[in-house]
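Below are the chains, spelled out letter by letter.
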Amino acid sequence: MNLLRRHPVAIALVVLLLATAIHPLSPLIDAVTGSTPGDVDLERPVTYVLVAPLSNTLDALTFLSQPRAEWALAVWILALAAWGALRRSETPLTWRRRTTRALVGPGVLVLLAVAAVLLPRPVPRLTTEGTVGGTVMDYHAHTNASHDGRPGWTLAKLAAWHERQGFEASYVTDHNVIYDGSLPVPEGTSINLLPGVEWSVYGQHVVAIGPVEPLPRDSFQGTTARMIRIFAAIERQGGLSIASLPEYWRYHWDDLGAFVVGGVDGFEIVNCAPKALGFPSKLRRQVLTLAGSHDLMVVGASDNHGWGKVTCVWNVSLPGAQGFHTNRVFARPLALVQGDGWSWAAAVSQPWYMLRSLSWSERASWLTWVVIILLYRAMPRREGQGAGLGILARSLGRRSRRTTVPNETPT
Ligand SMILES: [Zn+2]
């Protein structure tokens, strides 16, 4: 009872870590069938698991759809500020001290959000069993050749980003800038960078992959009827066309039948960009039905622009093949639920889904960190001093002296 009163946050966290273990989410979900795949796995490096609370939190921040990110950050900032300002203190606080306390929590949260985008860190990778038969691919990724690509985000950096996460190949699809594959493959990488482009035409982004060439983009603007002619134009070049998210969902949902008649070769069903992550599961199933009945490809896209360290999706593809059954899409469950439920509840549901998707080793790491922090905070404090690492070190030192000295004394 005393422990609960003195450390309510730690105790609540322990209860949550145990409660979410009852209904865990699988680390990866087959986005086509909705089931847990048996022949691929998510491998987490030791360093990732050692600092699991940080690793998982940064991943969970990365996999927020835009509306959920806005709600979650607003609610967390208000809650942390209120908690900081209203928290009881042994000594009366001046308004200035109170304001400082109110700013600490939101400050840490903003730092975490920035870290999720920029901080280099260990990341999980997809591993396949020998029987899986296919190449681990990304169909949609950008470099600094795109207007919204991260400055300095070169082909070499993109390839390294893919390599760390278990990819073997990626199409390079900059906005209206063709990558023809003729540039030398970056040194020190085994990633196969494949030719592609992402065309912007009349409210739609079309990923074109394969031997693509320049197109008179203006001639596909103005109406949907003109726009869908780009699919046939890409086919004449020998390339494949994939309708990108979020655009077909946002602006052309009623035109998807026309897309198929126009010759589109496939649809993205998962895209990790914040605006695309909100694609609802119900609509994903409708696209899967449409694609399945016309034998069209469905793919996952990191849509990486150099911001953020982790992908939410991988493909395992049969090279050179096309059609519904030639590509499998594996996504992190946290990314797949972004379009479902209430966005305003994201401040609660995002941590809930994150904790549910922890592996046992990650859960053990979280619990260890909670215990370490509890022990540290329970250290006896000297008059006028907060608990500090100095005190921790001193008291550990005291304890070890007490145990070693008698042994050294000859009797
Ligand atoms: Zn893109």
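Let me sum up the structure you'll find in this document.

### Brief notes about the sheet that holds strand β7 (residues 196-201)
If you trace the five strands from one edge of the open sheet to the other, you get β7-β8-β9-β10-β11, paired in mixed fashion. Here the strands that pair on one side only, and so sit at the sheet edges, are β7 and β11 (297-301). On average, each strand axis in the sheet is inclined to that of its neighbour by 35 degrees, with strand direction left out of account. In the sheet, strand β8 (residues 204-209) pairs with strand β9 (residues 240-243) via four bridges, with the strands oriented antiparallel. In the strand pairing of β9, V207 is matched with I242. Contacts between helix α9 (residues 229-236) and the sheet are confined to β7, β8 and β9, with β8 contributing the most and set at about 10 degrees to the helix. Seen against the sheet, helix α12 (residues 281-293) touches β10 (266-271) and β11 and runs at an angle of roughly 155 degrees to β10.

### Looking at the sheet that holds strand β4 (residues 135-138)
Overall, mixed pairing links the six strands, which are arranged β1-β13-β12-β4-β5-β6 in an open sheet. Both outer strands of the open sheet, β1 (29-30) and β6 (192-194), are each paired with one neighbouring strand and no more. Bridging between strand β12 (residues 313-317) and strand β13 (residues 327-331) involves five bridges; their strand directions are antiparallel. If you follow V316 over to β13, its bridge partner there is R328.

### Side note on the pattern of salt bridges
Counting across every chain of the model gives four salt bridges. Close ionic contact of D59 with R121 constitutes a salt bridge, the shortest N to O distance being 2.8 Å. Of this pair, D59 sits in helix α4 (residues 52-62) while R121 is found in the loop between α6 (95-118) and β3 (125-128), placing the two residues 62 residues apart along the sequence. Three or more residues are tied together by salt bridges with common partners; here these are D59, R121 and R332.

### Considerations on the state of the cysteines
Counted by the stated rule, this structure contains one disulfide. Between the sulfur atoms of C272 and its disulfide partner C312 the distance amounts to 2.1 Å. Of note, the bridge from C272 to C312 carries an S-S torsion of about -100 degrees and is left-handed in sense. Of this pair, C272 sits in the loop between β10 and α12 while C312 sits in the loop between β11 and β12, and the two are 40 residues apart along the sequence.

### Some remarks on the side chain of S65
The residue S65 is located in the loop between α4 and α5 (66-86) in this model. In contact with S65, other than residues within four places in its own chain, are P274, L277, G278 and Q338.

### Side note on the nonpolar core
Among the nonpolar cores identified, the biggest contains 57 residues, and I230, Y248, F259, F267, I269, V270 and C312 are the most heavily contacted of them. When residues of this core are assigned to their parent elements, the largest contribution, five residues, is made by α12. Those residues in contact with I269 that sit more than four places away from it in its chain are A31, V32, L245, Y248, F279, R284, V287, L288, V298, V299 and V329. Core analysis: the next-biggest nonpolar cluster, separate from the first, contains 19 residues, F167, V172, W314 and F330 among them.

### Section: a nonpolar patch on the surface
A contiguous nonpolar surface patch, about 700 Å² in accessible area, is contributed by V46, L50, V51, L54, L119, W369, I372 and I373. In terms of residue count, helix α15 (residues 360-378) provides more of the nonpolar patch than any other element does, three residues in total. Given the relative accessible area of 45%, I373 is considered partly exposed.

### Topic: the layout of surface pockets
Roughly 830 Å³ of internal volume is contained in the second largest pocket. Along the walls of the second largest pocket sit 36 residues, with C272, A273, P274, K275 and W307 positioned nearest its centre. Of all the elements in the fold, those that place two or more residues in the lining of the second largest pocket are α4, α5, α6 and α10 (247-251).

### A word on empty space enclosed by the protein
Enumeration over the complete set of coordinates arrives at one cavity of 30 Å³ or more. Around the largest cavity, the lining is made up of 14 residues, and of these N56, R332, L334, M354 and S357 lie nearest the centre. Within the residue set of the lining of the largest cavity, elements represented by two or more residues are α4 and α13 (333-336). It is α4 that contributes the most residues to the lining of the largest cavity, three residues altogether.

### So, the coordination of the zinc ion
The zinc ion binds to the protein through H140 (NE2), H142 (NE2), E198 (OE) and D303 (OD), with metal-donor distances spanning 2.0 to 2.3 Å. With four donor atoms in place around the zinc ion and angles of 80 to 164 degrees between them, the coordination shape is irregular. Judged by its relative accessible area of 10%, D303 is buried.

### Observations concerning α15
Relative to the 27 Å expected for 19 residues at 1.5 Å per residue, α15 spans 27 Å between its end C-alpha atoms, a close match to the ideal helical length. All buried positions along α15 are accounted for by E362, R363, S365, W366, V370 and L374. Close packing links the buried residues of α15 with α2 (8-19), α3 (46-50), α4 and α14 (346-356).

### Looking at the pairing of β11
Of all five residues that make up β11, five are buried, and the element is covered over most of its length. Sheet topology places β10 next to β11; five bridges connect them, and they run parallel. Residue pairing in the sheet places E268 in a bridge with V299 of β11. Each parallel crossover has a hand, and for β10 linked through α12 to β11 it is right-handed.

Reading guide: rules and limits
Residues numbered from 1 in each chain as written. Predicted model: local features only at pLDDT ≥ 70, side-chain atom pairs only at ≥ 80, totals over all residues. Heavy atoms only, no water. Pairing = 2+ DSSP bridges. Helix = DSSP H or I, 4+ residues; strand = E, 2+ residues; numbered from the N terminus. Axes fitted to C-alpha atoms, helices over the stretch in contact; angles between N-to-C directions. Contact = heavy atoms within 4.5 Å. Salt bridge = Lys/Arg side-chain N within 4 Å of Asp/Glu carboxyl O. Disulfide = S-S within 2.5 Å. Core = buried A, V, L, I, M, F, W, Y, C linked by side-chain atoms within 4.5 Å. Buried < 20%, exposed > 50% of the residue type's maximum accessible area, 1.4 Å probe, protein only. Patch = residues over 30% accessible without salt bridge, like charges linked within 9 Å, V, L, I, M, F, W, Y side chains within 5 Å. Areas by Shrake-Rupley, 256 points an atom, 1.4 Å probe, with all protein chains shown as cover. 1 Å grid on protein atoms, 1.4 Å probe; cavity = no way out; pocket = protein on both sides within 12 Å on 5 of 7 lines; lining within 4 Å. Points joined across faces, edges and corners; volume = space filled by probe spheres on them. Donors = N, O, S within 2.8 Å, 3.2 Å for Na, K, Ca; no water. Tetrahedral: all angles 85-135°; square planar, octahedral: opposite > 155°, others 65-115°. Expected span 1.5 Å × (residues − 1). Right-handed = clockwise from strand over helix to strand, strands pointing away.

Distances and angles like these do not, on their own, reveal function.
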